[in-house]
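Inside the fold
Letter by letter, the chains look like this.
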Amino acid sequence: MARSLFDKVWDAHVVRGETRERPAVLYIDLHLIHEVTTPQACAVLKARGLKIRRPDLTLATIDHSTPTKINADGTRPYVTEQAQEQVELLLANAEEHGIQAHGWDSPYRGIVHVMGPELGATQPGQTIVCGDSHTATHGAFGALAFGIGTTQVGHVLATQCILMRKPKSMCVHVDGELADGVSAKDVILAIITEVGVGGGTGHVIEYRGPCFENMTMSERMTVCNMSIEAGARAGMIAPDATTVAYLKGREMAPVDFDTATEQWLSLASDPGCSYDKEVRLKAEDIKPMVTYGTHPGMAMPIDGLIPEDNAYMDMQAGTAIAGTKVDTVFIGSCTNSRIEDFRVAAKILDGKSVAKSVTAVFVPGSERVKAEVELEGLHEVFLAAGVQWREPGCSMCIGMNGDIGKPGELIVSTSNRNFEGRQGPGVRTVLASPATAAASAITGVITDAKKYQGHYHEFRTFQNTDLQDIGFGGGKHRH
Amino acid sequence: MVLEAENIDTDQIIPARFLTTTSREGLGELLFHDWRTDKDHMLNTDAAKTAQILVAGHNFGCGSSREHAPWALMDYGFRAVISTQIADIFHANALKNGFLPIIIEAAAHQWLLDHPGTEISIDLEACAVHLPKNGGTYPFKIDPFSRHCLLQGQDELDYLLEQGEAVTQYEKQNV
């Protein structure tokens, strides 16, 4: 029978099949952990005298509660003592159990969903879990990756398995080519608006079609990252030459890379496979998108009129969203904090200044992204424009580290959630692409980046091989 | 207790800034914290303090995977939520804590929205919600394994640990 990418990855990980009475026992290849959703799970294991079954398949980082500033004396200004304790507990737990952890001293530390792919820990065909709903990001590699709660984090630590019934499948086709200036973020916001914020519930999405085939891995990650914002636990894209090229030479890439490649490329959905639900969009129809409401399904083209009133956002139906006053611009988060995102922002900001009324905060997704940006000199463009260039972490996406806005403020943010209070009590969030965010930082109002296209010079971009010169790559962290 | 809003996300249930805790205790006072800053909010009434069943709008619990959401609901005193759709991760987290996520048909849901504060009963054995005042009886679906675990007090981690040999066999062949 013709099988989809999802079917193939699922089937390969069933330790014990599902019956009417009980769910499947599913094996997990990679368990990513961070400070927020792990401590209670470790406490349960300790209380029950259980060991971590596969510390070698577990990878830890600190990202959510970590400060993005450094004090003059080199110390880190944690928002509370509790935040510091949480970070230190994660590192202590990792140390105790022999888990590879990327703490403050690691050049690889980063947002868990940025770091995993960068290290090459994320690979096609894997099952990947993390106590974080944006684990869907790793589906960009053709992995089945989804968020779990703390109880299940404990299950995976103790048994390397979870109990789960096979979700339904959904295929989102996007045919055709995107217009200039339309980004992966715009594509996923258009998809969520089409599917609905709960439309993917109970499903795993596979994204198919030329639109995704033409995307870089960074762009595919942006798309898969927000699958959960349509309710789908996971989103996947079939591995291809782009995937293989991205992984080659990464720190944790397989030793026998050619054999792995052959297996990865066999994962694509068979012709004629079926899905429980299918949605079709045309790339040509997608415009730069922004949200006007309080969930990611409330998005609209940036040149359009607000479709309905939203009291919390102070948005009125029938008025243009472009031109709305902006207080803060945030470029960062596991959705849009990779080198490609900062290149886009730098091209738009080159030689310009952030509006006096705007605070612009740019936070790289990892130490590696920070190094890449600084290698290319993009941070100089940001600093000259008046942008705050910070240390890596989740930062204003979730605000756990104290990076939040003031009540009533409007933040144009490249993150993934515009829920009420997500970026601080009373703060209003408008989700957008890095291009829209950068353009809006200059003008101080929500602005289509179209007017800034074609007015910049090309920066020199570095490849993986260049990064090896500053110490990255080369299989150093293989299990 | 009725919260009619649709798409109530886990950032509303418990805001992220309270997630730096490393324990699961005492989260009830932070439940819907930012809504409850309004002193007149329903959740601050005496009725809410004794309520055990939350009736919520479509797609309850969407957003983040934080298990702090069911922990906070339970610590506050709730034992179940009834909606027409419940987000996947919240749904799984709830069941793992003995907090019942009940998805019910629209007619019964509407009845519940129209009758806040009414005493109803949930029969997990029979998988049915009984509505008083001739509201009728409505079935709900729950994963048979989760139901078994809840009724028999079976721990899922124990069950997974019992699969140890099969897991070792799988690892020999695949990893």
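From a predicted model like this one, the values you see are computed outputs, not experimental measurements.

Description of the interface of chain B and chain A
Accessible area lost on assembly of the parts is the figure often given for the size of an interface. On the side of chain A, 58 residues touch chain B, which itself brings 50 residues to the contact. For A:Arg422, the salt bridge goes to B:Asp11, with nearest N and O atoms at 2.8 Å. Taken together, chain B and chain A are joined by 27 residue pairs in polar contact (both at pLDDT 80 or more). Mapped by element, the contributors of at least two residues to the side of chain B that touches chain A are helix H1 (10–13), helix H3 (68–76), helix H4 (88–96), helix H6 (144–152), helix H7 (156–162) and helix H8 (164–174) of chain B.

Notes on helix H5 (residues 106–114) of chain B
Restricting attention to buried positions, one finds in H5(B) the residues B:Ala108, B:His109, B:Trp111, B:Leu112 and B:Leu113. Tucked into the core, H5(B) has its buried residues touching strand S1 (2–3), strand S2 (53–56), strand S3 (80–83), strand S6 (128–131) and strand S7 (136–139) of chain B.

Side note on the pattern of salt bridges
Scanning the entire structure with this criterion turns up 30 salt bridges over all chains. For A:Glu21, the salt bridge is made with A:Arg20, and the minimal N-O distance between the two is 3.8 Å. Here the salt bridges do not stand alone but share partners, grouping A:Arg53, A:Arg54, A:Asp56 and B:Glu171 into one network.

Topic: the packing of aromatic side chains
Residue and element names in this part refer to chain A. Going through the model one piece at a time under the given rule, you end up with 15 aromatic pairs over all chains. Considering the side-chain rings of Phe6 and Trp10, the 6.2 Å spacing of their centres and the 65° angle between planes classify their relative orientation as edge-to-face. Here Trp10 and Phe6 lie together in helix H1 (residues 5–11), a separation of four residues that amounts to about one turn. By relative accessible area, Phe6 is classed as buried at 4%. Through a chain of ring-to-ring contacts, three or more aromatic side chains come together here, namely Phe342, Phe362, Phe382 and Trp389. Residue placement shows Lys166 over the ring face of Phe6; its charged tip is 5.2 Å from the ring centre. In this arrangement the basic side chain of Arg250 is found over the ring face of Tyr246, its NZ or CZ atom lying 3.9 Å from the centre.

Section: the side chain of B:His68
On the secondary structure map, B:His68 appears in helix H3. On the accessibility criterion, B:His68 (0% relative accessible area) is buried. Excluding anything up to four places from it in sequence, B:His68 contacts A:Val36, A:Gln40, B:Ile14, B:Leu19, B:Thr21 and B:Leu27.

A closer look at the domain arrangement of chain B
Residue and element names in this part refer to chain B. In terms of domains, chain B is made up of domain 1 (2–142) and domain 2 (144–175). For domain 1 and domain 2, the distance between their C-alpha centres works out to 28 Å. The interface is formed by eight residues belonging to domain 1 together with six residues belonging to domain 2. Across the domain 1/domain 2 interface, buried area totals approximately 660 Å², and carbon plus sulfur atoms make up 64% of it. Run the count over domain 1 and domain 2 and you get two salt bridges.

Observations concerning the sheet that holds strand S3 (residues 30–33) of chain A
Residue and element names in this part refer to chain A. Taking strand neighbours across the sheet as the criterion, the five strands line up as S5-S4-S3-S6-S7 in an open arrangement whose pairing is parallel. Of all the strands in the sheet, just strand S5 (100–102) and strand S7 (144–147) have a single pairing partner and so form its edges. In this sheet, adjacent strand axes meet at a mean angle of 20° when their direction is disregarded. Bridging between strand S4 (residues 58–61) and S5 involves three bridges; their strand directions are parallel. If you follow Thr61 over to S5, its bridge partner there is His102. Strands in contact with helix H4 (residues 112–119) are S3, S4, S5 and strand S6 (127–130); relative to S4, the strand with the most contacts, it is inclined by about 130°.

Reading guide: rules and limits
- Within each chain, residues carry numbers counting from 1 in the order of the written sequence.
- Following the order in which they are written, the chains are lettered starting with A and the ligands numbered starting with 1.
- A pLDDT threshold of at least 70 governs which residues receive local features in this predicted model, and a stricter bar of 80 or more applies before side-chain atom pairs are shown or counted, although totals over entire chains, interfaces and linings include all residues.
- Side-chain measures here rest on the full set of heavy atoms in the structure, leaving out hydrogens and waters.
- Should any heavy atoms of two residues lie within 4.5 Å, those residues are considered in contact.
- Salt bridge, as used here, is a side-chain nitrogen of Lys or Arg placed within 4 Å of a carboxyl oxygen of Asp or Glu.
- Here a polar contact is recorded for every N or O atom pair within 3.5 Å, except that within protein the pair must consist of a potential hydrogen donor and a potential acceptor, and residues adjacent in sequence are included only if both atoms are side-chain atoms.
- Strands are runs of DSSP state E lasting at least 2 residues, helices are runs of H or I lasting at least 4, and numbering of each runs from the N terminus.
- Between buried and exposed lies partly exposed: a residue is buried under 20% and exposed over 50% of the maximum accessible area for its type, with that area taken using a 1.4 Å probe on protein chains only.
- Note on aromatic pairs: the rings of Phe, Tyr and Trp (six-membered ring only in Trp) are paired at centre separations within 6.5 Å, and the planes decide the class, stacked below 30 degrees, edge-to-face beyond 60, tilted for the rest.
- To sit over a ring, a charge needs its Lys NZ or Arg CZ within 6 Å of the ring centre and within 35 degrees of the ring normal.
- Start and end points for every domain follow an automatic or database-based domain assignment.
- Summed over both partners, buried area is the accessible surface (1.4 Å probe) that two parts give up on being assembled.
- Note: two strands are recorded as paired if DSSP finds a minimum of 2 bridges between them.
- Note on geometry: axes are C-alpha line fits, over the in-contact stretch for helices, and angles between N-to-C directions span 0 to 180 degrees.

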